[in-house]
Every structure is written in structure tokens, then in C-alpha cells.
Amino acid sequence: MSEFETIGLQGGIWSGLLSREVPPAAIHLVHAAEIVGTAQITAEGGAYRIDAAIPAARLSDGMQTFLLVEQQGEASDARADSGAPVMARLHILAGRPLDQDMKAEIELLRAELDLLKREFRRLARG
């Protein structure tokens with residue numbers, strides 16, 4: 001079970017609850033491999049509420065994916081490509097859906113399904 005549970009997106013703020021004993025040092029909002037913001041962390045009833053503002057300048061036609069990534073190490077070392085585990089993903093489809101976006105999603109799903117089928121067959125054989 002994930003430590004992070006999304007509450008939703010309201011007024012451009014993506015909110016969720018993080019269930020753990022120790023608060024995170026910082027949580028970054030990442031879009032297109034670039035840190036675009038830092039989430040606000042507030043203690044709330046034995047958990048931590050995470051609020052991240054989605055920058056309006058990052059929204060455009062097509063699918064946009066935002067990630068919440070916990071900072072690893074020192075603040076000066078914060079990078080979007082640090083390899084830190086992704087806490088949560090938010091996909092936003094705005095404007096007119098682009099055919100390329102839908103085709104790419106379908107191709108990704110087919111590839112994942114083929115991988116699962118191969119693994120199930122391998123496990124069944126042996």
C-alpha cells in the first residue's frame with residue numbers, strides 16, 4: 001500500500017495525505033524532468049497533508065504528467081533526475097485530446113500487456 005493518498009485537484013492545488021511517522025524534508029513537483037515547485041507539508045491528524053500548486057504555464061493541449069518526488073540528500077542537491085522514488089503521479093488531459101497522445105498511451109499499454117503475457121507464460125512453463 002502506498003504511503004501517499006491523493007485527495008484531488010482543486011483550484012490548481014494537488015492535495016494528498018502522506019501516512020508515515022517522520023515528515024519528509026521536502027517534496028518537489030516535477031514536470032518534463034524539471035522541478036517546477038515545492039509542495040507545502042502540513043501535519044494533520046497523524047499524517048502529513050501535501051499541497052502542490054500546479055503552474056498554469058505548464059498546462060497545454062494534450063496530456064501533462066506531474067510527479068511528486070521526495071527530496072533525497074541536501075537541498076542544494078535537488079534535481080528532477082536524481083533517481084528519487086516517485087511518490088505520486090497526476091495526469092492532466094487538457095484541451096483537445098491529441099491523437100498522438102492517445103496512440104502513445106495505447107502502444108504503452110500493449111507493450112506492458114505483452115510483457116505480462118510473456119512472464120505468465122514463462123512462470124507457467126517452469
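If you're wondering where the values come from, they're calculated on a predicted model, not measured in any experiment.

Enquirer: Any details on the sheet that holds strand 2 (residues 13-18)? Residues and values, ideally.
Expert: In spatial order, the strands read 1-2-6-5; together these four strands make up an open sheet with antiparallel pairing. In this open sheet, the two edge strands, each paired with only one partner strand, are strand 1 (4-10) and strand 5 (40-44). In this sheet, neighbouring strand axes are inclined to one another by 20 degrees on average, regardless of whether the strands run parallel or antiparallel. When strand 5 meets strand 6 (residues 47-53), the two strands line up antiparallel, connected through five bridges. Paired with Ile 41 across the bridge in strand 6 is Ile 50.

Enquirer: Any chance you could break down the environment of Thr 42 for me, citing the residues and the numbers?
Expert: As for its position among the elements, Thr 42 is in strand 5. Spatially, the C-alpha atoms of Thr 42 and Leu 17 are 9.5 Å apart, while their sequence positions differ by 25 residues. Not counting residues up to four positions away in its chain, the partners in contact with Thr 42 are Ala 47, Tyr 48 and Arg 49.

Enquirer: Go over unusual backbone geometry, please, and point to the residues and values.
Expert: Backbone geometry places Ala 32, a non-glycine residue, at a positive phi of 55 degrees. Secondary-structure assignment places Ala 32 in the loop between strand 3 (27-31) and strand 4 (34-38). Not every positive phi belongs to a glycine, and Ala 33 is a case in point at roughly 60 degrees. On the accessibility criterion, Ala 33 (62% relative accessible area) is exposed.

Enquirer: Please set out the side chain of Asp 51 residue by residue, giving values where relevant.
Expert: Along the polypeptide, Asp 51 turns up in strand 6. Overall, the relative accessible area of 16% leaves Asp 51 in the buried class. A distance of 2.5 Å separates polar atoms of two side chains, one belonging to Asp 51 and the other to Ser 15. A distance of 3.2 Å separates a polar atom in the side chain of Asp 51 from a polar atom in the side chain of Arg 49. Once residues within four sequence positions are removed from consideration, Asp 51 is found in contact with Ile 13, Trp 14, Ser 15, Ala 39 and Gln 40.

Analysis parameters
Residues numbered from 1 in each chain as written. Predicted model: local features only at pLDDT ≥ 70, side-chain atom pairs only at ≥ 80, totals over all residues. Heavy atoms only, no water. Pairing = 2+ DSSP bridges. Helix = DSSP H or I, 4+ residues; strand = E, 2+ residues; numbered from the N terminus. Axes fitted to C-alpha atoms, helices over the stretch in contact; angles between N-to-C directions. Contact = heavy atoms within 4.5 Å. Buried < 20%, exposed > 50% of the residue type's maximum accessible area, 1.4 Å probe, protein only. Polar contact = N/O pair within 3.5 Å; in protein donor to acceptor, adjacent residues only side chain to side chain.

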